[in-house]
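Results of the structural survey
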Amino acid sequence: MLRQYELVERVLGYDPDADQALLNRAYVYTVQKHGSQQRASGDPYFSHPVEVAGLMTDLKLDQETIITALLHDTVEDTLATIEDIEANFGPEIARLVDGVTKLSKIEQMAENERAAENLRKFLLAMSEDIRVLLVKLADRLHNMRTLHFIKSPAKRQRIARETMDIYAPLAERVGMYEYMREMQLLAFEQLEPEAFATLGRRLEELRSKDGGQVDAIALKIKQALAESGLMVEVSGREKHPYSIWKKMAERHVNFEQVTDIMAFRVICENEADCYHALGVLHTTWQFLPGKFKDYISTPKVNGYRSLHTSLMYENSMRVEVQIRTREMHQRNEFGLAAHWAYKQDDRPDGQVGWLRDLIEIVDASHDAEEMLEHTRLAIYQDRIFAFTPKGALFQLPKGATAVDFAFAVHTDLGALTVGAKINGRHMPLRTPLQNGDVVEIIKSKNAEPQLSWLGFVVTGKARAAIRRALRMKEREEVAGIGRMLFDGIAARVPAKIGKKAIREALKRLEMEEEDDLMFAIGSARISDREVMEALVPGSTAEIEESADWARREKTISIRGLTPGVGFKLAECCHPVPGDRIVGLRKQGEGVEVHAIDCFHLAQGEDADWLDLNWGNRSQGAVGRLRVTLYDRPGTLAEIAGLFARNLANVKTLSHTQDDPPFSSYDIDLEVQDLAHLTRILSALRASDAVAQAERI
Ligand code: MN
């Protein structure tokens with residue numbers, strides 16, 4: 001373990017202005033707070049934060065980060081509080097420690113995909129400062145290094161799995177390849193002990209058989225380049241067992257078939273030398289077309305720069321070569337952290353820039369193939385993250401709109417939505433949100449969810465809430481119609497109907513509230529006779545006969561016509577009894593009966609107008625409806641059943657429009673009168689199968 005003075009000296013080594021007293025105080029603080037706590041290894045607990053701080057000094061990070069590393073487990077695992085840390089070390093360090101503490105909480109959440117998802121969410125929300133993430137990664141690396149001390153195999157597995165699925169990809173995303181490789185290797189050893197042992201053995205065999213091939217090849221490369229006047233450093237290594245194993249798994253090959261087991265790194269003086277060296281290597285050995293990548297002129301999103309190529313060494317062995325300058329190398333191995341260490345002084349945009357860098361890297365989608373292929377973080381590709389104006393973060397599926405966002409924030413907010421500002425600009429509600437959008441929902445007290453929203457929302461929550469609201473609204477309308485019809489029904493029973501009679505009727509019908517009854521009447525789920533029976537039992541016996549007669553009757557009578565004059569109901573407007581009507585007398589054709597608001601009348605046809613009324617018990621008129629159904633199996637059957645229950649005959653039915661997820665039909669329906677038609681309309685609107693129903 002690093003001693004106190006060693007740690008302080010390391011920091012002073014690269015930052016002579018560091019606050020020595022503060023560093024010392026942090027060291028003492030963590031030792032005191034962790035007290036006699038022990039690690040699984042039997043070491044005092046504080047050795048862990050000290051080692052993590054040591055890892056941070058390797059990256060030459062600022063004193064705030066070093067102190068955060070020292071304190072990172074105190075709030076989580078000791079009696080220390082954030083307030084206490086703020087009092088002792090100031091607000092900046094308190095904020096950083098708080099960030100790491102919050103990141104640590106996710107580990108205890110769920111051991112499944114959600115954990116990964118939540119981590120990302122937290123990451124974005126917390127990593128307003130990249131240093132929080134760096135401390136977290138170092139924390140995990142040290143825990144992996146000491147993983148073998150943990151006795152429970154299940155716990156070791158869980159930690160290793162989490163490292164493989166979340167932290168290694170995260171390290172890769174921010175360009176910390178050294179961390180990534182070491183994490184992968186340690187996790188691999190834990191997760192696939194047999195494969196790890198076998199590959200280790202095979203590599204060992206290879207080493208003894210070829211007797212230091214790696215060094216020999218490195219020397220040859222160095223010589224070839226020296227002959228062209230290039231002074232370079234060449235280092236070679238075998239790929240580590242995990243990357244070999246991954247190749248075997250991805251390409252479905254066995255160990256012998258994995259050819260590029262050796263990789264070499266050429267460090268040049270400057271950029272021009274890199275390209276020069278590349279040319280020399282390509283003319284000395286056969287290179288593999290398609291393997292060459294120029295990340296110097298086109299760096300990866302995380303800033304990685306290098307030339308990559310693969311050579312056929314002595315016609316049989318494939319070797320990988322990476323060519324780069326020393327500066328690129330530093331940056332490549334430690335990614336943003338290196339950038340942080342070297343560029344501390346010229347950051348005019350401060351931490352905002354870091355956030356932007358980080359989000360860009362983590363969200364990089366244009367480099368998806370490269371970076372996401374083998375990482376579980378790919379699961380975030382179908383998610384987007386959007387903020388409220390106050391900065392609260394919401395996670396939504398890709399394609400989610402401002403309406404989805406509003407419902408995600410709160411159901412009540414969704415219901416009152418009338419508009420949205422996305423990144424400060426008014427945008428249509430159907431606009432799909434982009435990662436990082438700031439969404440401000442504009443609401444109005446009188447607003448209500450719109451049917452058309454169902455055409456673009458993608459979240460179940462929004463969909464369910466909109467449906468529920470529409471159903472409620474329809475229910476109110478239907479109950480309103482029921483209330484009107486009820487007065488007519490009540491007038492037909494031989495008793496005065498007051499509140500008490502209604503209460504009694506509800507009991508008999510096993511209904512809770514008056515509204516339930518009105519809804520049942522309005523939606524024709526209950527017949528007039530059933531209502532009358534409930535109000536005054538026995539009251540329908542005497543009218544039974546006439547009711548049956550009325551149902552059989554299928555004639556139309558119109559008052560206002562000269563007896564004997566023929567008439568027909570116009571097919572443009574399909575008037576039904578109850579509509580206000582007029583007649584057009586046409587030469588030699590009799591009288592055409594139109595609804596008063598028919599557009600044909602407005603066109604002023606050359607005919608006499610007759611003021612007409614419906615006769616008593618006019619029946620068999622045809623009303624035309626346009627019904628928009630949800631386009632799924634069974635919806636049409638459902639409304640056919642509804643017509644049958646309501647004693648209405650379907651005369652014609654035509655499919656007029658497909659507008660997924662809807663499908664529209666024009667339906668000619670034989671009904672008794674306007675009230676009958678209105679009740680059927682209400683019943684249609686109350687049906688789950690129906691999105692919209694109207695008379696045309
Ligand atoms: Mn820790």
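As shown above, the structure is provided for reference.
It should be emphasised that the depicted structure is a prediction, and the values quoted were computed from it without experimental measurement.

Right, let's get into the coordination of the manganese ion. Taken together, the protein ligands of the manganese ion are His48 (NE2), His72 (NE2), Asp73 (OD) and Asp139 (OD), with distances of 2.2 Å. As a motif over one chain, the donors of the manganese ion read H-x23-H-D-x65-D. Pair noted here: His48 is in helix α3 (residues 47-58) and Asp73 is in the loop between α4 (63-71) and α5 (74-77), with a separation of 25 residues, a long-range link. The exposure classification of His48 matches that of Asp73, with both residues buried.

Here we take up the pattern of salt bridges. Opposite charge on two side chains permits them to pair, given that their charged atoms come into close proximity. Tallied over the entire structure, the rule returns 22 salt bridges. One salt bridge connects Arg181 with Glu178, and the closest N-O pair in it is separated by 3.6 Å. Residue Arg181 and its partner Glu178 are both found in helix α11 (residues 177-191); the two are separated by 3 residues, about one turn of the helix. Linked through salt bridges whose partners overlap, the residues forming this network are Arg483, Lys499, Glu514 and Asp515.

Mapping Asp673 onto the fold places it in the loop between β19 (662-671) and α28 (674-686). A relative accessible area of 28% means that Asp673 is categorised as partly exposed. Residues Asp673 and Asp579, spaced 94 residues apart in sequence, show a C-alpha to C-alpha distance of 8.4 Å. Ignoring sequence-local partners within four residues, the contact set of Asp673 consists of Val576 and Pro577.

Right, let's get into the packing of aromatic side chains. Counted under the stated rule, the structure contains 10 aromatic pairs. Aromatic pair Tyr295 and Tyr304: ring centres 5.9 Å apart, planes at 80°, arrangement edge-to-face. As far as the burial class goes, Tyr295 and Tyr304 line up, both buried. The side chain of Arg39 reaches across the aromatic face of Tyr45, ending 5.6 Å from its centre.

With that settled, the discussion passes to helix α22 (residues 499-509). Taken together, the buried positions of α22 are occupied by Ala501, Ile502, Ala505 and Leu506. With its buried residues spanning 140° around the axis, α22 presents them on a single face. Turned more than 90 degrees off the buried face of α22, the exposed positions are Lys500, Arg503 and Lys507. Turning to α22, the residues buried within the fold contact α21 (460-492), α23 (514-522) and α24 (528-535). Glu510 sits one or two residues past α22 and shows a positive phi near 55°.

Met56, Leu71, Phe89, Leu137 and Tyr179 are the most contacted members of the largest nonpolar core, which totals 53 residues. Among the elements that line this core, the one with the most residues is helix α9 (residues 130-145), at 8 residues. The contacts of Met56, once residues within four sequence positions are left out, are Tyr14, Leu61, Thr65, Ile66, Ala69, Leu134, Val135, Ala138 and Tyr179. Listed in part, the 29 residues of the second largest apolar core include Phe405, Leu429, Ile466 and Ala691.

So, about the environment of Glu178. The class of Glu178 is partly exposed, set by a relative accessible area of 33%. It is 5.6 Å that separates the C-alpha atoms of Glu178 and Glu333, two residues lying 155 residues apart in sequence.

Looking now at unusual backbone geometry. In this structure, Lys60 is a non-glycine residue whose phi angle is positive, near 55°. Take Lys60: its relative accessible area is 37%, and that puts it in the partly exposed class. In this model, Glu510 sits at a positive phi of 55°, which is unusual for a non-glycine residue. When you line up the elements, Glu510 lands in the loop between α22 and α23. Judged by its relative accessible area of 75%, Glu510 is exposed.

Bridge count for strand β18 (residues 649-659) against β19 is 9 bridges, and the pairing is antiparallel. Each bridged residue has a counterpart across the sheet, and for Asn649 the counterpart in β19 is Glu670. What sits between β18 and β19 in their antiparallel hairpin is a turn of 2 residues.

Now for the sheet that holds strand β11 (residues 439-443). One open sheet holds the 3 strands; their spatial order is β10-β9-β11, and the pairing between them is antiparallel. Two strands close off the open sheet at either side, each with one partner strand: β10 (425-427) and β11. Averaged over neighbouring strand pairs, the angle between their axes works out to 35° when direction is ignored. By the bridge criterion, 3 bridges tie strand β9 (residues 417-422) to β10 in an arrangement that is antiparallel. By the bridge assignment, Ala420 is partnered in β10 with Met427. Of the strands in this sheet, β9 and β11 are in contact with helix α19 (residues 402-409), which crosses β11 at around 85°.

Parameters at a glance
Residues numbered from 1 in each chain as written. Predicted model: local features only at pLDDT ≥ 70, side-chain atom pairs only at ≥ 80, totals over all residues. Heavy atoms only, no water. Donors = N, O, S within 2.8 Å, 3.2 Å for Na, K, Ca; no water. Helix = DSSP H or I, 4+ residues; strand = E, 2+ residues; numbered from the N terminus. Buried < 20%, exposed > 50% of the residue type's maximum accessible area, 1.4 Å probe, protein only. Salt bridge = Lys/Arg side-chain N within 4 Å of Asp/Glu carboxyl O. Contact = heavy atoms within 4.5 Å. Phe/Tyr/Trp six-rings, centres within 6.5 Å; stacked < 30°, edge-to-face > 60°. Lys NZ or Arg CZ within 6 Å of the ring centre and 35° of its normal. Arc of directions from axis to C-beta. Core = buried A, V, L, I, M, F, W, Y, C linked by side-chain atoms within 4.5 Å. Pairing = 2+ DSSP bridges. Axes fitted to C-alpha atoms, helices over the stretch in contact; angles between N-to-C directions.

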